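Summary of structural features
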Amino acid sequence: PESSLGAHYLLLFANICDASKVMQQNGDRTNMSTIPEADDCLAMSGVWLSSSVRSCVTSFQSVVNSCDKSHMKLASAQLRLLSSYISTAAPTMGASSIPIVSKESCFQVIEAALESNILDNALNTALGATFNAYWDALNHSQAQSLEEEAIACSFVASFMSFVQIVGQDLDSALKTKLLNKIINSLGQFSERGRLSTTSMGSKLHPARQSWFVESEFSVLNILCDECSGRDSIRHLLSSFAFSLLGRLNIGHEAMAAYIFRQEKLFQVRNEESKMKVAGESLQTLFLRELSLDDRKLQLNHSSNIFFAHCLRNRTNTGSSNSLRCTADFVGKSNDVERFFLPLGGIWMYNVLSSTVTSQCDRPPKTLSGDDHDDKTLSDIVSHTLCLILQLVTSSNGLSSSFISDGTKLYHITNACLFPENILNNDFICSSLELLFKHFSGFRCSTMSESSLVKDFIMACFEHSRLSRESRKHEHDEKGQAAMKLHDLLSGEQPSSDGYSKDELKALNDFVDDLCNSYIEYGGQYPTFTNFIRLFLRGDFPAKTITAVLTKLHPILHVLTIEEEERESLLFSLTQSISGGLPSLDSSRRDPSSVLDSFSFSLKKRDKELSRNDYVYLLAVAVLSRNLASSSQRCDCGLQAMRNRLSGVSSAVFYDIIQVSEKFLRSGIGTKDSLI
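A few points on the structure. (Residues numbered from 1 in each chain as written. Predicted model: local features only at pLDDT ≥ 70, side-chain atom pairs only at ≥ 80, totals over all residues. Heavy atoms only, no water.)

**With respect to the side chain of Gln390**
- For Gln390, the location among the structural elements is in helix α15 (residues 374-393).
- Looking at Gln390, its side chain comes within polar contact range of the main-chain oxygen of Gln267, at 3.4 Å. (Helix = DSSP H or I, 4+ residues; strand = E, 2+ residues; numbered from the N terminus. Polar contact = N/O pair within 3.5 Å; in protein donor to acceptor, adjacent residues only side chain to side chain.)

This is the structure we're talking about:
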């Protein structure tokens with residue numbers, strides 16, 4: 001263990017075993033160019049390496065008794081050789097053959113690892129990225145060096161592969177102990193605090209990503225084989241798998257295909273709706289995308305790399321022609337999307353925003369295109385909503401909690417842009433309503449965090465065409481120079497809301513599309529109404545609030561939901577007001593453009609707002625708050641409010657004055673007292 005030379009020799013021996021296995025599987029050797037001497041060497045490799053294999057078995061326990069990196073590296077190499085040797089020898093073993101490594105010896109190796117601390121330490125390092133939506137969310141404050149991190153990931157992958165090879169006859173007590181170790185390690189990472197991020201890129205080196213992915217996949221493989229029927233950990237297992245899917249990269253297509261084929265991970269259990277898993281499920285959609293004709297080479301190459309080590313079945317050995325990389329397609333003029341990965345951390349939410357990929361350097365592939373009929377689209381959306389609901393309503397939310405509520409809220413809002421025959425599905429509407437309440441804070445009866453709107457707008461921008469265009473300019477030297485020159489000449493500054501011009505344009509384009517759909521058919525659906533109300537929150541840019549009030553001016557009464565629960569109405573109004581009395585809670589006053597828009601909504605219209613209408617209640621609350629604030633400041637503020645309210649009816653004016661007086665008299669000055 002003091003020298004790494006022994007470990008390197010064992011890994012070399014393992015590669016020899018793998019080569020021998022390939023020769024056995026290719027009996028005709030049509031694609032092999034070998035010489036007889038090489039064939040003889042490969043055939044005799046099992047005999048020559050038998051002593052090294054026996055030595056690995058006998059010395060393994062003493063090696064794993066120490067947890068330092070040199071011992072862990074040697075133990076990983078020993079497991080790798082044992083796995084390769086056993087899997088290579090298995091096809092040649094007859095009924096009367098005596099194996100070099102007995103089942104009992106294999107069980108002793110597994111037990112030695114379970115009894116020592118080496119597996120616990122390796123799992124704590126190798127699973128450090130689990131339940132994170134993005135690589136950049138990985139905790140970089142770990143004490144391990146990169147070498148220790150790589151060795152730990154290698155040990156976990158090697159151990160899980162060894163367990164799979166001998167695990168069919170594994171003693172139930174050992175199996176239970178192994179599963180408990182894995183579940184306990186996963187449990188501690190699922191309890192980390194939420195990380196709010198919408199970053200699509202990653203600064204984590206691809207090599208580090210790769211060894212984390214391989215170790216996580218090896219663990220997931222074991223859990224899918226052994227625990228898929230245990231309902232108690234179903235949410236944990238699904239969250240683990242879904243977060244890993246979002247971090248897979250080019251070359252990991254076989255892993256993605258394996259995960260999407262696991263029915264248990266995507267199983268929907270909704271007792272309230274009694275809904276069955278849709279015929280055209282989320283799995284079917286993504287598996288079809290992975291298996292498109294021009295992606296088969298990439299999927300086959302990925303299978304050749306990973307399935308031989310992680311899975312028992314290997315259907316082909318492939319050749320150098322199956323090696324695919326981005327460079328193969330540079331400069332091609334066709335629009336064929338060769339690569340499906342990476343999906344990104346919000347891949348499931350991207351389905352609801354009409355896309356099946358989150359890669360930022362190309363236009364998203366739309367989900368609602370001609371390839372999907374209404375029934376298919378409805379099934380996919382329903383299945384996706386069921387899965388998201390199961391994630392967010394589980395005991396701790398797990399992987400879903402590592403995505404900001406604002407990001408999730410933006411993507412489910414996109415579902416309102418689906419065709420009307422999707423929105424009139426009762427299950428889809430009720431699911432969207434539940435998710436809206438979860439992400440807006442209603443379910444917790446708490447005010448949403450101040451970052452909700454910021455994350456919402458950032459997600460909107462990331463998802464927009466403007467974001468993709470800006471990224472192209474960032475990677476183009478001429479584009480960078482042009483952008484700098486434009487900024488200097490225009491003297492453009494960020495808006496008073498703190499958002500860039502492109503971010504505001506992306507948001508306003510999105511809101512305009514929503515308002516058009518709402519006017520056309522969405523007003524009849526209370527769920528759609530709740531999403532439109534969201535944009536009247538004081539945290540949104542003033543231009544967005546005024547745009548909604550102006551666009552919907554003729555039908556503002558439609559924003560009233562019939563028979564709405566009082567608790568829900570009060571919460572919505574409270575969320576929409578920017579604060580209480582500024583002199584008491586230091587909240588900001590509303591911009592004049594917002595006050596003008598609310599006062600205009602109360603003036604004469606074709607359809608007058610009644611005192612019970614949502615917009616009437618919100619407008620009176622906003623104007624009364626600012627009138628009360630102006631009365632404490634200066635006469636100019638009162639005069640501005642007086643001018644703003646000219647033209648409203650006497651009844652409306654009376655309500656505003658009464659609310660303002662009571663608000664001042666209460667002396668509390670909070671939003672709750674105002675409502």
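**A short note on the nonpolar core**
- One finds Phe159, Leu282, Trp347 and Leu602 to be the most contacted residues of the largest nonpolar core, which totals 189 residues.
- Residue contributions to this core peak at 11 residues, all from helix α28 (residues 614-631). (Core = buried A, V, L, I, M, F, W, Y, C linked by side-chain atoms within 4.5 Å. Buried < 20%, exposed > 50% of the residue type's maximum accessible area, 1.4 Å probe, protein only.)

**Looking at the packing of helix α24 (residues 542-551) against helix α27 (residues 592-601)**
- At a minimum axis distance of 9 Å, the contact between α24 and α27 shows a crossing angle of 15°. The orientation of α24 relative to α27 falls into the category roughly parallel. As for how α24 packs across α27, the hand of that crossing is left-handed. On α27, the residues touching Ala542, Ile545, Thr546 and Leu549 of α24 are Ser593, Val594, Ser597 and Phe598.
- For the contact of α24 with α27, a count of residues per class yields five nonpolar, three polar and no charged. (Axes fitted to C-alpha atoms, helices over the stretch in contact; angles between N-to-C directions. Parallel < 35°, antiparallel > 145°, perpendicular 65-115°, else oblique. Left-handed = near helix turned anticlockwise from the far one by under 90°. Contact = heavy atoms within 4.5 Å. Nonpolar A, V, L, I, M, F, W, Y, C, P; charged D, E, K, R; others polar.)

**Observations concerning unusual backbone geometry**
- Looking along the chain, the bond that leaves Leu341 and enters Pro342 is cis, with omega of 0°.
- Locating Pro342 in the fold gives a position in the loop between α13 (296-310) and α14 (347-352).
- The backbone of Phe131 sits at a positive phi, close to 65°, despite the residue not being glycine.
- Take Phe131: it is sitting in the loop between α6 (118-126) and α7 (146-166).
- Under the relative-accessibility criterion, Phe131 is labelled buried at 0%.
- Phi is positive for Glu563, close to 55°, though the residue is something other than glycine.
- With respect to the helices and strands, Glu563 occurs in the loop between α24 and α25 (566-576).

**A word on the side chain of Asp613**
- Tracing the backbone shows Asp613 in the loop between α27 and α28.
- Under the relative-accessibility criterion, Asp613 is labelled buried at 10%.
- For Asp613, the contacting residues outside a window of four places in its chain are His557, Thr560 and Glu608.

**Some details on helix α5 (residues 103-115)**
- In a regular helix each residue adds 1.5 Å, so 13 residues correspond to 18 Å; α5 covers 18 Å between its end C-alpha atoms and thus fits that length.
- Turning to α5, its buried residues are Ser105, Cys106, Phe107, Val109, Ile110, Ala112, Ala113 and Leu114.
- Tucked inside the fold, the buried residues of α5 contact α3 (50-64), α4 (69-89), α6, α7 and α8 (172-190). (Expected span 1.5 Å × (residues − 1).)

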